[in-house]
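Here's the letter readout for the chains.
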Amino acid sequence: MASFADGPESTKPQTLAAAEQAAKPALPSYRDILRVPIPDKLPDHPRVFCTAADLARIKSDLAAGDAYTTAVVTLIRSQAEDALRSSPDYASRQPTRGDFSTAAILAEAYALTGERKYGERCREILLACARVCPTLKTTPSRGRFTDSTLGEGPLAIDAAMAYDLIAGTPFVSADDSRLIERDLLRILGWECGHRCGHMNSSNWRSWALTIVASCGFAIGDRELIEEAINGVWDPDRRGYLYGIVQQLTHSIFSDGIHWERSMGYTYYTASALVPIMVAARNSGIDLWHAKLPGLMGPFEGSAPHEEYGPAGDRSIRAFLDAPFYYAFPNGSLAAVGDSGSRALAYHPIYELAYQEYGDPKYAWIISRERNFGSKVPGPWDLWQPSGKSEGKVVFGDAHDGEAAFQLKTEAGGRCALVANVTIPVDAAVEATGWVKVLKAGGGSAHLRCNFGDQTLFSNRVKDGEGWQAVKAQIPPDPEGKAGQYRQVRLHVFLEDGAGEILWDDLKVTVVPTGRNVLQNGSFETQGRDGRRLDFWSLVHSPKDVPAGEYDLSKDARIGISGRHEAGCTLFQIGGFAILRNRPLDVESTSVNFAFGPYGSGHDHPDRLSIDLYGLDEVLCPDAGSWGYDNPMHLTWANQTIAHNTVTVDEVAQLPQAMSNGIWTGESGDMRVYGVCRLFHSGPVFKAARATCDTAYPGVLLDRTLCLVDNYVLDVFRVSSDKPHTYDLALHGPGQVSSSASLSRLAQNPITARGYAHLTEVRRGDVPAGLCRVEFAEGPRKLSVLQLQPADAEMILAKDPSRGETHSCVIDRRKGPGTVYVSVIEPHRGEAAVAEATMQQSGETMVVIVKHRGGEDRFTLSSSLTGAVTLQRLDGRGAALATETATAGL
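Everything numeric here is computed off the predicted structure, so don't read it as measured data.

## Quick notes on helix 9 (residues 222-230)
Then, number 1: Helix 9 sits mainly inside the fold: seven of its nine residues count as buried.
Then, number 2: For helix 9, the complete set of buried residues consists of L224, I225, E226, E227, A228, I229 and N230.
Then, number 3: If you follow the buried residues of helix 9, they end up packed against helix 7 (174-194), helix 8 (203-219), strand 1 (232-234), strand 2 (239-241), helix 10 (244-251) and helix 11 (263-282).
Then, number 4: With a side-chain oxygen positioned 3.0 Å from the backbone nitrogen of E223, the residue opening helix 9 is D221.

See below:
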């Protein structure tokens, strides 16, 4: 059987000095700029994600009868007992991700109770995994037990945790330790972490570092630890592999925006950084307070971007602060790029950070979570396809334990808790649960299991007293083989009418083994005080956290270069300007203006795009992520027309253009970015201007936004040295209508990517002058006044849907250049803005906006150094105020 006694020779780096001497790089190595010292001696086990002092404190609290500690230990012991009742034959199958989770639970139970039976079963699982690991082939994406580094990351955390908690105990022999370290953790660290193809700035590299750090600290491999912290030169790839130091100082810009420029990937990256920060801290490496200078010049092995900002010491704090100042007034987020995150969210990293920094923002988000601001516990999602419904964890009326989940619908409502569960294909499986009817209004409670093209249902409960059982049986696949798995999507429903019910003790049980493979089916992840009931929180969550404070009306700095002034935020390096009219009013209008740089394959071709917020929600959204297995991700979400910006000649901006890749990025010397030319947050109006001449060769995009009261003046100039077709798209809620006379088409005649997905197309020429477009969904409306030149064309259509209704207006112009002037106003009832006119004289443009309170006169210069001046007049023409936004930042 193969083994890696010292790591695969083909993957181990030379000593750094020898490697750099052999490579003779023309540019300085990052090692010459900064290295965080690694202690000569590591602490004894446990040292990775908890310490002996942590365990002593927990046991003291347990002895004192602390309710939270008792609840966590009871839950972990219960989970460990479930694992003991399962007796899988590891010799006949490949270990799964769930086996590593089970090993971690057993190790935690042993560490908390001292009961040897838990530790011995953990040892048995780790040894089984170690015997199998060398026989497995590493996938092209560097997975060993899973398909990739991303899948291997959580698995490696559990493996390192499990080994660390039982290492050195009487039932783990020296031979056992050698086998687990050599043939499991070392292989994971070198093969799945070190050899990951992503070398520097991406979330992939963050997860690779988590593997490297977890395994390195667990087994004391100093080369892995050095790579995890300080990075390392790899002679085989002739590149510098980033450590966490480089990620904190380069992958995170000086204003806190992560290089991939997607809030979803910001949270995802944070999940990878947490274990590294903790393991380092436990071994005496304080990354929270280390002074880390930014990389200010080209250095050998750097990532292909130079937008990390001005000189100065960096820390992870800017990265943690950025989401707070990226948010709209109600906490929602512009889902730019491949982001699934659409709201400011709690993350466990804030619990660690609060203890390091004492920041009241972090206390606020922790307190909100503990007060159940997040109603749906992981790994569940709440699906609400129709009608009004709600769901939340409740205490005091459970089938077993303390917590249950309450679903409530009104007439016509339909909702379900949803989770994905992995099951073996060759075994019968039962999905079970308990339901209690609180109010019977015609609704039906049941389970639904989707797998492949099959759907199975449980019995239905509509009324009755007390807790009632439901069950759905999934037969084995007759062609399935041992070691193969399939995914079941479990829906826990309340539908077909009004009602109020409780769900509890949901399980997905593999019948032959009796093992439950569903996580958190009892909803006991949060105690009554709001802290999560798991080992990580028991070790790391502070007991008492004040209410904290989060206030967008107060000025702040984000990192070195991020600015938050008078309620508006500029991430100059990350490429976002967020204008907020009244930052504490969730109804007031705000706009997120995205200008660059192009972040990565998870960015979208959307330079100078906007996300408009108003009436307590994002009204003009980004296309976001449609899921990488969904063809719409390429043909819609990754097309410029799906964003609120200009498309040229019906082709997406660079680097996407006509590429068939869903993670298309810059290549060679290509750089796609916008430049902020003006940022202003004054008492009368807020403004931002950005330009981009790299999205389309030979085309200059130039957009100015002015936010006044609840409307936005949008001036978008486009110029080129030759004629093009320009399409400015705006996507809004509900149905769209126009004052122009347009023809309904039987089918969409535009077959270009993105455009081909539009339906209910209306199209026609628009007379010169003022045209009103209106989006409407219930009482909410979005009015758009457009100043149209001669020979303009308008297209109205319905966007492709993911359950919501959105439409778009496409303002089409042709020629070497054009100027779009629009006034956008969210409102209920009648719009405040009645009219807009424009006068052009040379480089100077005057736009007059008439509204209920009088009129606003904007003077704008096309010069890149020009100012924007607003003069406010009352209804009689008397001057009320004048304010000028000068070019610059």
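Next comes the rest of the account.
## Quick notes on the packing of helix 11 against helix 12 (residues 317-326)
Then, number 1: At a minimum axis distance of 11 Å, the contact between helix 11 and helix 12 shows a crossing angle of 155°. By the criterion of interaxial angle, the relationship of helix 11 to helix 12 is roughly antiparallel. As for how helix 11 packs across helix 12, the hand of that crossing is left-handed. Contacts between helix 11 and helix 12 involve M263, T266, Y267, T269, A270 and L273 on the former and, on the latter, F319, P323 and Y326.

## Regarding the sheet that holds strand 38 (residues 868-873)
Then, number 1: Strand order in the open sheet formed by five strands is 35-36-37-38-39, and the pairing between neighbours is antiparallel. Only two strands of the sheet have a single neighbouring strand rather than two, namely strand 35 (833-841) and strand 39 (879-885). For this sheet, the mean inter-axis angle between neighbouring strands, taken without regard to orientation, is 15°.

## A few points about the pattern of salt bridges
Then, number 1: Across all of its chains, the model carries 54 salt bridges by this definition.
Then, number 2: We note a salt bridge from D158 to R97, for which the minimum N-O separation is 2.7 Å. Taken together, the residues D158 in helix 6 (residues 149-166) and R97 in helix 4 (residues 97-113) connect sequence positions 61 residues apart.
Then, number 3: Linking R182 and D183 is a salt bridge whose minimum nitrogen-to-oxygen distance equals 3.0 Å.
Then, number 4: Salt bridges sharing partners connect three or more residues here, namely R77, E81, E115 and K117.

## A few points about the sheet that holds strand 22 (residues 617-620)
Then, number 1: Spatial strand order, 16-17-18-19-20-21-22: seven strands in an open sheet with antiparallel pairing. In the strand order of this sheet, the two ends are held by strand 16 (556-558) and strand 22, each with one partner. For this sheet, the mean inter-axis angle between neighbouring strands, taken without regard to orientation, is 20°.
Then, number 2: Pairing geometry for strand 16 and strand 17 (residues 562-565), over three bridges, is antiparallel. Bridge pairing in strand 17 places I558 opposite G562.

## Brief notes about the environment of Q653
Then, number 1: With respect to the helices and strands, the residue Q653 is situated in the loop between strand 23 (646-648) and strand 24 (675-681).
Then, number 2: The class of Q653 is buried, set by a relative accessible area of 0%.
Then, number 3: Sequence-wise, Q653 and H604 are 49 residues apart; in three dimensions their C-alpha atoms are separated by 8.8 Å.
Then, number 4: Not counting chain neighbours up to four residues away, the residues in contact with Q653 comprise P605, D606, R607, T640, T645, V646, A695, Y696 and L701.
Then, number 5: A distance of 2.8 Å separates the side chain of Q653 from the backbone nitrogen of R607, its partner in a polar contact.

## A few points about the nonpolar core
Then, number 1: L184, L188, F217, I229 and I316 are the most contacted members of the largest nonpolar core, which has 135 residues in total.
Then, number 2: It is helix 11 that contributes the most residues to this core, eleven residues altogether.
Then, number 3: With 48 residues, the next largest nonpolar core counts L701, A740, L782 and L796 among its residues.

Thresholds applied
- Residues numbered from 1 in each chain as written.
- Predicted model: local features only at pLDDT ≥ 70, side-chain atom pairs only at ≥ 80, totals over all residues.
- Heavy atoms only, no water.
- Buried < 20%, exposed > 50% of the residue type's maximum accessible area, 1.4 Å probe, protein only.
- Helix = DSSP H or I, 4+ residues; strand = E, 2+ residues; numbered from the N terminus.
- Contact = heavy atoms within 4.5 Å.
- Polar contact = N/O pair within 3.5 Å; in protein donor to acceptor, adjacent residues only side chain to side chain.
- Axes fitted to C-alpha atoms, helices over the stretch in contact; angles between N-to-C directions.
- Parallel < 35°, antiparallel > 145°, perpendicular 65-115°, else oblique.
- Left-handed = near helix turned anticlockwise from the far one by under 90°.
- Pairing = 2+ DSSP bridges.
- Salt bridge = Lys/Arg side-chain N within 4 Å of Asp/Glu carboxyl O.
- Core = buried A, V, L, I, M, F, W, Y, C linked by side-chain atoms within 4.5 Å.

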